[in-house]
Amino acid sequence: MPELPEVETVRRMLAPVVTGRRLLGIEHDDPARYAAAEAAVGRRVRALRRRGKYLIFALEGGLELIAHLGMSGSLRLDAGTHTRARLELEGATVYFNDPRRFGRLVAVPAGDYAALPTLARMGPEPLSRGFTANVLAARLARTARPIKPALLSQEPVAGLGNIYADEALWKARLHPARPANRLAPGEVRRLHRAVRAVLRRAVELGGSTLGDGVYTRPDGEPGYFQIEHAVYGRAGAACPRCGAKVARFVLGGRSTHVCPRCQRL
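What you see is a predicted model, and the numbers here were worked out from it, not measured in a lab.

Trainee: Explain the overall build of the chain to me, please; I cannot follow it from the model alone.
Mentor: The secondary structure content of the chain amounts to 7 helices and 10 strands. The C-alpha atoms of the chain give 19 Å as radius of gyration, which agrees with the globular expectation for 265 residues (18 Å, within 12%). Overall, the chain is about 55 × 35 × 30 Å in size when its C-alpha atoms are taken along their principal axes. Out of the 265 residues in the chain, the part that is buried amounts to 52%.

Okay, here's the thing in structure tokens:
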């Protein structure tokens, strides 16, 4: 699933293309997932923002067009085999490609996210000034869930998915199954630093393009952060910090990767 670095990469590349242009039409093959976007037609794009894993086209007249890429979606500047929707703008076309059909487009009044509960309850942006170690500590203290499922809920911090939760927890030397509300202050500070460092680096490298090749940038090029993955997708390989073999197990229904030596439970 595209996570913050992938979605931010898409935003940075698409913003110059769509900003200031009027949306002339939306063609799609799935009314259940895209018909709710049609109210955006005829409006000019004032800005393209990101909130967690969501792209938000801020439109004139107090409307927002929300794009969630789902498990395999991507916004491209060229059509593909799995193009599900096409956004026709003045002088430009953006294609919503989605092999697994989990993506969605919906137009809502600005800030009204009742139809998108995950977006409505989302925590702070991890690369913003408002995301401090104290804020993270207060949010983790609310739940006894294991740290990783807590992070994936988007409530302690926005934008982390399976890849970057594994990478940040490895960097912080924390086991994903530790109860979120049992972290010591020093451990929360390590996690705070790790989340920011991992996401910054991943954004620099354009996100992660995995072996399935589902995620690419809008120009069709891959991201390159997968080259620097420490644990994610590397079960059986050597931990780059201590040399122990990376282990894989399932936590909260999600494939999870850890170094058994660096991240003791």
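Trainee: Mind showing me how you'd approach the environment of glutamine 263 here?
Mentor: Tracing the backbone shows glutamine 263 in the segment after strand S10 (254-258). With a relative accessible area of 1%, glutamine 263 lands in the buried category. Sequence separation between glutamine 263 and alanine 177 is 86 residues; the distance between their C-alpha atoms is 10.0 Å. The contact partners of glutamine 263, leaving out residues within four places of it in the chain, are Leu169, Trp170, Arg173, Leu174, His175, Pro176, Val231 and Val258. Here the side chain of glutamine 263 touches leucine 169 through a polar contact of 3.4 Å, landing on its backbone oxygen.

Trainee: What exactly am I supposed to notice about the packing of aromatic side chains here?
Mentor: The description of two aromatic rings rests on the distance between their centres and on the angle between their planes. Applying the stated criterion to the full structure yields 2 aromatic pairs. Seen from their ring centres, tyrosine 164 and phenylalanine 225 are 5.8 Å apart, and the 35 degrees between their planes marks the pair as tilted. Of this pair, tyrosine 164 sits in helix H6 (residues 162-171) while phenylalanine 225 sits in the loop between helix H7 (185-204) and strand S9 (247-251), and the two are 61 residues apart along the sequence. Each member of the pair tyrosine 164 and phenylalanine 225 is classed as buried. One cation-aromatic arrangement involves arginine 241 over tryptophan 170; the distance from NZ or CZ to the ring centre is 3.9 Å.

Trainee: Help me out: how do you make sense of the sheet that holds strand S2 (residues 45-51) in this one?
Mentor: Within a sheet, neighbouring strands are paired by backbone hydrogen bonds and run either parallel or antiparallel to one another. Read from one edge of the open sheet, 4 strands run S2-S3-S4-S8, paired in antiparallel fashion. Each edge of the open sheet carries a strand with a single partner, namely S2 and strand S8 (104-109). When strand polarity is set aside, the average angle formed by the axes of neighbouring strands in this sheet is 20 degrees. Looking at chain direction, strand S4 (residues 63-68) and S8 are connected through 6 bridges and run antiparallel. Counterpart to leucine 63 in the pairing with S8 is proline 109.

Trainee: In this structure, what is going on with a nonpolar patch on the surface? I would like to understand it.
Mentor: On the surface, a nonpolar cluster with roughly 270 Å² of combined accessible area is contributed by Met1, Met71 and Phe102. Tracing the sequence through the fold places methionine 1 in the segment before helix H1 (4-18). Taking relative accessible area as the criterion, methionine 1 reaches 39% and is therefore assigned partly exposed.

Trainee: How should I be thinking about the side chain of serine 153 in this particular structure?
Mentor: By the element assignment, serine 153 lies in the loop between helix H5 (147-152) and H6. Within the structure, the side chain of serine 153 is placed 2.6 Å from the backbone oxygen of alanine 150, a separation counted as a polar contact. Not counting the four nearest positions on each side in its chain, serine 153 is found in contact with Arg121 and Arg145.

Trainee: Would you mind going over the sheet that holds strand S5 (residues 74-76) with me for this structure?
Mentor: Ordered by their spatial adjacency, 4 strands build an open sheet running S1-S6-S7-S5, and the pairing between neighbours is antiparallel. Edge positions in the sheet fall to strand S1 (23-28) and S5, since each has one partner strand and no second. Looking at each pair of strands side by side, their axes are set apart by 20 degrees on average, direction ignored. The pairing of S5 with strand S7 (residues 92-97) spans 3 bridges and is antiparallel.

Trainee: I'm lost on the pairing of strand S6 (residues 83-89) in this one. Help?
Mentor: As judged from the 5 bridges shared by S1 and S6, these two strands associate in the antiparallel manner. Residue pairing in the sheet places histidine 28 in a bridge with alanine 85 of S6. In terms of strand pairing, S6 meets S7 through 6 bridges, oriented antiparallel. Bridge pairing links leucine 87 to valine 94 in S7.

Trainee: Explain the nonpolar core here, please?
Mentor: Counting 30 residues, the largest nonpolar core has Val18, Phe57, Leu65, Leu75, Leu87 and Leu105 as its most contacted members. Considering each element in turn, this core owes the most residues, 6 residues, to H1. Residues in contact with leucine 65, not counting those within four places in the same chain, are Leu23, Ala37, Ala40, Leu55, Ile56, Phe57, Leu59, Leu87, Leu105, Val106 and Ala107. Membership of the second largest hydrophobic core comes to 27 residues, among which are Phe131, Leu136, Ile163 and Tyr232.

How each quantity is defined
- Every chain's residues receive numbers from 1 upward, in the order its sequence appears when written.
- Under the rules for a predicted model, residues below a pLDDT of 70 receive no local features and side-chain atom pairs below 80 are neither given nor counted, while totals for whole chains, interfaces and linings still include all residues.
- Values reported for side chains reflect all heavy atoms of the structure, with hydrogen atoms and water molecules removed beforehand.
- Going along the chain from the N terminus, every DSSP run of H or I of four or more residues is numbered as a helix, and every run of E of two or more is numbered as a strand.
- The globule rule used for comparison is 2.2 Å times the number of residues to the exponent 0.38, while the radius of gyration itself is calculated over C-alpha atoms.
- Remark: exposure states derive from per-residue accessible area (1.4 Å probe, protein chains only) relative to the maximum for the residue type, with buried under 20%, exposed over 50%, and partly exposed in between.
- Any two residues whose heavy atoms approach within 4.5 Å at even a single point are treated as in contact.
- Here a polar contact means two N or O atoms within 3.5 Å. Within protein one must be a hydrogen donor candidate and the other an acceptor candidate, and residues neighboring in sequence count only if both atoms are side-chain atoms.
- Two rings belonging to Phe, Tyr or Trp (six-membered ring only in the last case) form a pair when the distance between their centres is within 6.5 Å. Interplanar angles under 30 degrees mark stacking, angles over 60 mark edge-to-face geometry, and anything in between is tilted.
- Whether a charge sits over a ring depends on NZ of Lys or CZ of Arg being within 6 Å of the ring centre and within 35 degrees of the ring normal.
- In this analysis, strands are considered paired if DSSP registers two or more bridges between them.
- Fitting a line to C-alpha atoms yields each axis, with helices limited to the stretch in contact; the angle taken between N-to-C directions then spans 0 to 180 degrees.
- Exposure above 30% relative accessible area and the absence of a salt bridge qualify a residue for a patch, where like charges join within 9 Å and nonpolar side chains (Val, Leu, Ile, Met, Phe, Trp, Tyr) within 5 Å.
- Only the protein chains shown count as covering a residue, and every accessible area follows the Shrake-Rupley method with a 1.4 Å probe.
- We define a salt bridge as a contact between a side-chain nitrogen of Lys or Arg and a carboxyl oxygen of Asp or Glu at a distance within 4 Å.
- Nine residue types can take part in a nonpolar core, namely buried Ala, Val, Leu, Ile, Met, Phe, Trp, Tyr and Cys, and a core is a set of them joined through side-chain atoms within 4.5 Å.

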